[in-house]
Amino acid sequence: MNNTFYKEDNLSGLKRADFQKTVDGRETDLFILANDSGAEVAVTNYGGAILAIMVPDKNGKPANVIQGHDSIDHVINSPEPFLSTLIGRYGNRIAKGRFRLDGVEYGLAVNNGPNSLHGGPTGFHSRVWEAEQTSRQSLTLHYLSKDGEEGFPGNLDVTVTYTFTDENELVLTYNAICDKKTIVNLTHHAFFNLAGLADPTPSVENNILTLNADFYTPIDEVSIPTGEILKVEGTPMDFRTPHTVGSRINEPFQQLVYGAGYDHCYVINKEEAGTLVFAAKCVEPESGRSLEVYTTEPGVQVYTANWHNGFKGYHGATFPARSAICFEAQHFPDSPNKGHFPSVVLEPGSVYHQVTVYKFGVEK
């Protein structure tokens, strides 16, 4: 492990000693990425959790705009185990925890009603990753997921690089190879609040959201896609033009009832699969902070933290329901069981590759 770029006087106020622990025989640590613009990102190699993103508001005042914890014990024991962590092997849900590959049925842990969610209870979010900070602006995490781990076939070798540019872009680059035919759908479950964390952290319902998506994947009562790909036009799911998150979130629209708010995969408009395109923009009007999302993935799950219950996190901040918004760039939920969805199958000899960019800015 290489961590030569840590700085004690970091903007987040997080302390390295609070993140150093031996878990399952591996060492956890705190890593600080700092750019020439004076902004910072704090990450731990436990689950690849992002603990802080310190970026300025319209007055130049920095604040943490991502929900996280302030010690490794709190990360491990979080009431929200996926709080701002890496997700794998399969982001989102797989119906009944089962899928077939070449005639073989595989069974996964069921940890969300009748379904498997985010790779299972001991998915990538709960693993200690090998870490190397190659510069003050870049951190590389590596994990070998063994054949059969959480029920998935093949030894999957995964590398994720976090790069924080001078333009306040947090770039996540994912690569994976496997020695056996398998399924892969990686993402990062960052919970953003552009107003900054507080006690309580304010609602995101005033955030102005734009999505580059004409279609979405509707869900059933247990949040599994029905298989349809429907137009957003004429529904509260339509963010092709800017709307506040809260303007229609409580409407008696069946999809919003099922999700207790927004918790849906949007189909990103793109001409060619795998290209890096604009997916979403979010603006918090009081602070002026903005976030733009770009990704090579076909979809983005928009989740408004509907199930948060006010638990404590970073420096005593509390996280009530709808106090965050997530943009989980990914393939569609339950793709292994939906043959017409873009494939999540990874063949031996092929490389899984994804790039997602979170770009922070200010609108005055």
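Remember, it's a predicted structure, so these values are computed and weren't measured experimentally.

What counts and how
- The written sequence of each chain sets the order in which its residues are numbered from 1.
- Reporting of local features is limited, given that this is a predicted model, to residues whose pLDDT is at least 70; pairs of side-chain atoms are given and counted only at 80 or more, and all residues count toward the totals for whole chains, interfaces and linings.
- Based on all heavy atoms of the structure, the side-chain values leave hydrogens and waters out of the count.
- What counts as a helix is a DSSP run of H or I of at least four residues, what counts as a strand is a run of E of at least two, and both are numbered from the N terminus.
- Radius of gyration here uses only the C-alpha atoms, and the compact-globule reference equals 2.2 Å multiplied by the residue count raised to the power 0.38.
- It only takes one pair of heavy atoms within 4.5 Å for two residues to be counted as in contact.
- Only the protein chains shown count as cover for residues, with accessible areas throughout obtained via the Shrake-Rupley method and a probe of 1.4 Å.
- Residues scored as charged are limited to Lys and Arg (positive) and Asp and Glu (negative), so that His and the chain ends carry no count.
- To locate a charge, take NZ of a lysine, CZ of an arginine, CG of an aspartate or CD of a glutamate.
- Grouping buried Ala, Val, Leu, Ile, Met, Phe, Trp, Tyr and Cys residues that are joined through side-chain atoms within 4.5 Å yields what is termed a nonpolar core.
- We call a residue buried when its accessible area falls under 20% of the maximum for its residue type, exposed when it is over 50%, and partly exposed in between, using a 1.4 Å probe and counting protein chains only.
- DSSP bridges decide pairing: two strands pair if at least two such bridges lie between them.
- Defined by distance alone, a disulfide is two cysteine sulfur atoms within 2.5 Å.
- Pairs of N or O atoms are called polar contacts if they sit within 3.5 Å, as long as, within protein, a hydrogen donor faces a hydrogen acceptor (for residues adjacent in sequence, only side-chain-to-side-chain pairs).
- Geometry of aromatic contacts follows a simple scheme: Phe, Tyr and Trp rings, the Trp one being its six-membered ring, pair when their centres are within 6.5 Å, and the pair is stacked under 30 degrees between planes, edge-to-face over 60, tilted otherwise.

What follows is about the overall build of the protein. Check the secondary structure of the protein and you find 2 helices and 30 strands. On C-alpha atoms alone, the protein measures out to a radius of gyration of 19 Å, which is about the 21 Å that the 2.2 N^0.38 rule sets for 364 residues. Seen along its three principal axes, the alpha-carbon backbone of the protein occupies a region of about 55 × 50 × 35 Å. Taking the contacts inside the protein whose residues are at least 6 apart along the sequence as the reference set, 68% of them involve residues at least 24 apart. When the accessible area of the protein is evaluated, it comes to approximately 13,600 Å², of which 50% is carbon and sulfur surface. A gap of 1 Å separates the mean positions of the 28 positive and 44 negative side-chain charges of the protein.

Looking now at the nonpolar core. Residues Ile53, Tyr162, Phe192, Tyr266 and Phe327 are the most contacted members of the largest nonpolar core, which totals 60 residues. In this view, Ile53 contacts Glu40, Val41, Ala63, Asn64, Val65, Ile66, Leu170, Phe192 and Phe360; residues no more than four positions away in its chain are not counted. Within the second largest apolar cluster, 26 residues are counted, among which are Leu14, Val23, Ala49 and Leu51.

For the rest of this paragraph, the subject is the sheet that holds strand β18 (residues 208–211). Taken together, the 9 strands give an open sheet; going across it, the order is β12-β13-β14-β15-β30-β24-β23-β18-β21, and neighbouring strands pair in antiparallel fashion. Because the sheet does not close on itself, it has two edges, and the strands there are β12 (130–135) and β21 (243–244). The sheet contact formed by β18 and β21 spans 2 bridges and is antiparallel. Residue pairing for β21: Ile208 is matched across the bridge by Thr244.

Turning our attention to the pairing of strand β24 (residues 289–295). Of all the 7 residues making up β24, 6 are buried; the element is thus mostly covered by neighbouring parts of the structure. Here strand β23 (residues 277–283) runs beside β24; their pairing, made up of 6 bridges, is antiparallel. Note that in β24 the partner of Lys281 across the bridge is Glu292. The turn linking β23 back onto β24 is made up of 5 residues, and Gly288 within it adopts a positive phi angle of 85 degrees. Across 7 bridges, the pairing between β24 and strand β30 (residues 352–362) is antiparallel.

What follows covers the state of the cysteines. With the rule as written, the count across this model stands at 0 disulfides. Not part of a disulfide, Cys265 finds its nearest cysteine sulfur in Cys326, a span of 13 Å.

Here we come to the side chain of Ser323. Positionally, Ser323 belongs in the loop between β27 (318–319) and β28 (326–330). For Ser323, a relative accessible area of 0% corresponds to the buried category. Polar side-chain contacts of Ser323 include one of 2.6 Å to the backbone oxygen of Pro320. Filtering out sequence-adjacent residues up to four positions away, Ser323 remains in contact with Gln67, Phe192, Asn193, Thr201, Pro202, Ser203, Val204, Ala305 and His308.

Quick look at the packing of aromatic side chains now. Considering all chains together, one arrives at 13 aromatic pairs under this definition. Between the aromatic rings of Tyr216 and Tyr266, the centroid separation amounts to 6.3 Å while the plane-to-plane angle is 40 degrees, which identifies the pairing as tilted. Taken together, the residues Tyr216 in strand β19 (residues 213–217) and Tyr266 in strand β22 (residues 263–268) connect sequence positions 50 residues apart. By relative accessible area, Tyr266 is classed as buried at 1%. Through a chain of ring-to-ring contacts, three or more aromatic side chains come together here, namely Phe99, Tyr106 and Phe152.

This brings us to the environment of Ile66. Note that Ile66 resides in the loop between β6 (62–64) and α1 (72–76). It is 22 Å that separates the C-alpha atoms of Ile66 and Glu297, two residues lying 231 residues apart in sequence. In contact with Ile66, not counting residues within four places along its chain, are Ile50, Leu51, Ala52, Ile53, Ser84, Ala190, Phe191, Phe192 and Leu197.

Spatial ordering of the open sheet is given by β20-β19-β22-β25-β28, a layout of 5 strands whose pairing is antiparallel. On the outer flanks of this sheet lie β20 (230–231) and β28, each paired with one strand and no other. Pairing analysis gives 4 bridges linking β19 to β22, with the strands arranged antiparallel. Residue pairing for β22: Thr217 is matched across the bridge by Cys265.

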